[in-house]
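Geometric and topological summary
One letter stands for each residue in the lines below.
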Amino acid sequence: GNIIISFGTINMSSGSGATNINLGGNFNMSGGTITESLSGSGTITFIGSSTQTFTKSSGTISEKINFTINNSNGLTLNNNLVINGLATLTMTTGNINLNGNTLTIGEGRGSTTVGNLSWASGFIVGTGTLRRWIQSSITINVGEVAGLFPFGNSNDNRNVWIGCITTSSGGGTIAVQHSNQTGYT
């Protein structure tokens, strides 16, 4: 079913009894807090059998909460989504439709807000922006997931790979916008 959070706190820390939420419906947050105080073990996994939605109009999601897309019908963002800190966005199967929003992986407020991407399958689709923080003093070879922007549509892989010898001492953000055009591959 759906998860609707409008107030209160969900503690997803190891040992709290709610470290994993396997969500078959939609995610809707209009208040409250989802927290994880330990090592990033809390995970929200989208496992529905039809397209699911992510809606977050208010509230706080800890920088240690992981998100996994494991739904062949995908996930549609109704608001921006930020993956930060020790958190990882895992794309096992299914597309993420930006739907005019921004998906941010890391915001660069230090070495603890990097955000991670684990990609096996699926694409970032629809109009919108994928923003990634590239941490300081790191070498990224083309083809490494650290420089991957996994864009595409239902049929075509349109990945963008960023590579660099060594990033600057302060790191930085790279944003790529996608606008699917019919008739092009």
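See above for the structure.
This report concerns the structure included in the present document.

Definitions and limits used
- Along each chain, residue indices are assigned from 1 in the same order as the chain's sequence is written.
- In keeping with the predicted nature of the model, local features appear solely for residues at pLDDT of at least 70, side-chain atom pairs appear and are counted solely at 80 or more, and the whole-chain, interface and lining totals rest on all residues.
- Hydrogens and water are ignored here; the side-chain numbers use all heavy atoms of the structure.
- What counts as a helix is a DSSP run of H or I of at least four residues, what counts as a strand is a run of E of at least two, and both are numbered from the N terminus.
- The buried label goes to any residue with under 20% of its type's maximum accessible area, the exposed label to any with over 50%, and the partly exposed label to all in between, with areas taken from a 1.4 Å probe on protein chains only.
- A carboxyl oxygen of Asp or Glu within 4 Å of a side-chain nitrogen of Lys or Arg is what we treat as a salt bridge.
- Here a strand pair is declared whenever DSSP counts at least two bridges between the two strands.
- Axis angles are defined between N-to-C directions and span 0 to 180 degrees, where every axis is a line fitted to C-alpha atoms and, for a helix, only to the segment in contact.

Overview of the environment of I105
- Within the secondary structure, I105 sits in strand β12 (residues 102–105).
- In this structure I105 comes out as buried when scored by relative accessible area, which is 2%.
- Measuring from C-alpha to C-alpha, the distance between I105 and G115 comes to 5.1 Å, with 10 residues separating the pair along the chain.

A look at the pattern of salt bridges
- Scanning the entire structure with this criterion turns up 1 salt bridge.
- A salt bridge links D156 to R158; its shortest N-O distance comes to 3.8 Å.

Here's the deal with the sheet that holds strand β7 (residues 66–70)
- Spatially, the 5 strands line up as an open sheet ordered β3-β5-β7-β10-β13, and their pairing is parallel. The strands lining the two open edges of the sheet, one partner per strand, are β3 (20–23) and β13 (116–119). Averaged over all neighbouring strand pairs, the angle between strand axes comes to 15 degrees, with direction disregarded.
- Across 4 bridges, β7 lies against strand β10 (residues 88–93) in parallel orientation. Counted as the bridge partner of T68 is T90 from β10.

Purely geometric numbers; function is a separate question.
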